[in-house]
Amino acid sequence: MAMDREQRRAQILDVATRVFAEKGYHAAKIDDIVVRAGIARGTFYLYFEDKRTIFEEIVAGFMGRLGAVIRPIELLEGTHGQHMVELRANLQRVVATFRAEPAMAKILLSAAVGLDDEFDRRLLTFYDDVTELLGRALEQGEAAGLVRPGHRRIRSLCLMGLLKELLYQLVLRKTEIPSDEIVDAMMDMVADGLFTEVSRNELKA
């Protein structure tokens, strides 16, 4: 049975996602996509202007899905215990989204970087939005006495770096660690840090 227009478009996007993940943006060719999709080259151009257009749509779609699972955490009076539940839920949804779409994870965390200045700016804007969300959470936590005072921008960037590299390695290595254990380990490291009180006192000496 012939595909309708939306089904065909979705099929081309799915195939292109796998091609970009395997080959990277620059090495991937439109011919790679059309051969694997089993379509004529002309059919590709009925849906997408060029390789750059389909790549941008793939990345934008995933960034939209990822952004949708990250929900603001509200620190209301009398709900201090709840904010940790909400933070953990956010992390679980982010990890689940990346693990559910490993090809997209590889594209967003590696292949999408360095495409050109304009695209890099768009990607940085997305990461800046997430970093700002982390910064606001730290600020709220400080105000509520739940987070030690510190340089919020640097802390936010460190948290972003930790999350990005962890997700990339999990996807790249096809790690089978349960998502709950991954989130628990992240929460434990961020909440308690790596140094004991003895170590922290020595650093201050």
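Only a predicted model underlies this, so the values are computations on that prediction, with no experimental measurement involved.

### Regarding the overall build of the chain
Part 1 of the reasoning: Per the secondary structure count, the chain includes 10 helices and zero strands.
Part 2 of the reasoning: Moving toward the C terminus, one meets the helices and strands of the chain in the order α-α-α-α-α-α-α-α-α-α.
Part 3 of the reasoning: Referenced to the eigenvectors of the C-alpha coordinate spread, the extents of the chain come out at roughly 70 × 35 × 35 Å.
Part 4 of the reasoning: In the chain, which comprises 205 residues, the proportion classed as buried is 32%.
Part 5 of the reasoning: If you sum the accessible surface of the chain, you get close to 12400 Å²; carbon and sulfur atoms cover 56% of it.

### What to know about the packing of helix H8 (residues 152–172) against helix H9 (residues 179–192)
Part 1 of the reasoning: Taken N-terminus to C-terminus, the directions of H8 and H9 make an angle of 155°; their axes are 12 Å apart at the nearest point. When the axis of H8 is compared with that of H9, the two are roughly antiparallel. H9 is crossed by H8, and the crossing has right-handed handedness. Within the contact between the two elements, H8 uses Leu159, Leu162, Leu163, Leu166 and Leu170 and H9 uses Ile182, Met186, Met189 and Val190.
Part 2 of the reasoning: Partitioning the contact of H8 with H9 into residue classes produces nine nonpolar, no polar and no charged.

### Observations regarding helix H4 (residues 51–69)
Part 1 of the reasoning: Look at H4: 28 Å from first C-alpha to last across 19 residues, which is about the 27 Å you get at 1.5 Å a residue.
Part 2 of the reasoning: Those residues of H4 lying buried are Lys51, Ile54, Phe55, Glu56, Ile58, Val59, Phe62, Met63, Leu66 and Val69.

### Regarding the packing of aromatic side chains
Part 1 of the reasoning: Counted according to the given criterion, the structure contains seven aromatic pairs.
Part 2 of the reasoning: Between Phe20 and Phe55 the ring centres are 4.9 Å apart and the planes differ by 80°, which places this aromatic pair in the edge-to-face class. Here Phe55 lies in helix H4 and Phe20 lies in helix H1 (residues 5–23), a separation of 35 residues in the sequence.
Part 3 of the reasoning: Here the aromatic rings of Phe44 and Phe48 are separated by 5.7 Å at their centres, their planes lie at 45°, and the arrangement is tilted.

Rules used throughout
Residues numbered from 1 in each chain as written. Predicted model: local features only at pLDDT ≥ 70, side-chain atom pairs only at ≥ 80, totals over all residues. Heavy atoms only, no water. Helix = DSSP H or I, 4+ residues; strand = E, 2+ residues; numbered from the N terminus. Buried < 20%, exposed > 50% of the residue type's maximum accessible area, 1.4 Å probe, protein only. Areas by Shrake-Rupley, 256 points an atom, 1.4 Å probe, with all protein chains shown as cover. Axes fitted to C-alpha atoms, helices over the stretch in contact; angles between N-to-C directions. Parallel < 35°, antiparallel > 145°, perpendicular 65-115°, else oblique. Left-handed = near helix turned anticlockwise from the far one by under 90°. Contact = heavy atoms within 4.5 Å. Nonpolar A, V, L, I, M, F, W, Y, C, P; charged D, E, K, R; others polar. Expected span 1.5 Å × (residues − 1). Phe/Tyr/Trp six-rings, centres within 6.5 Å; stacked < 30°, edge-to-face > 60°.

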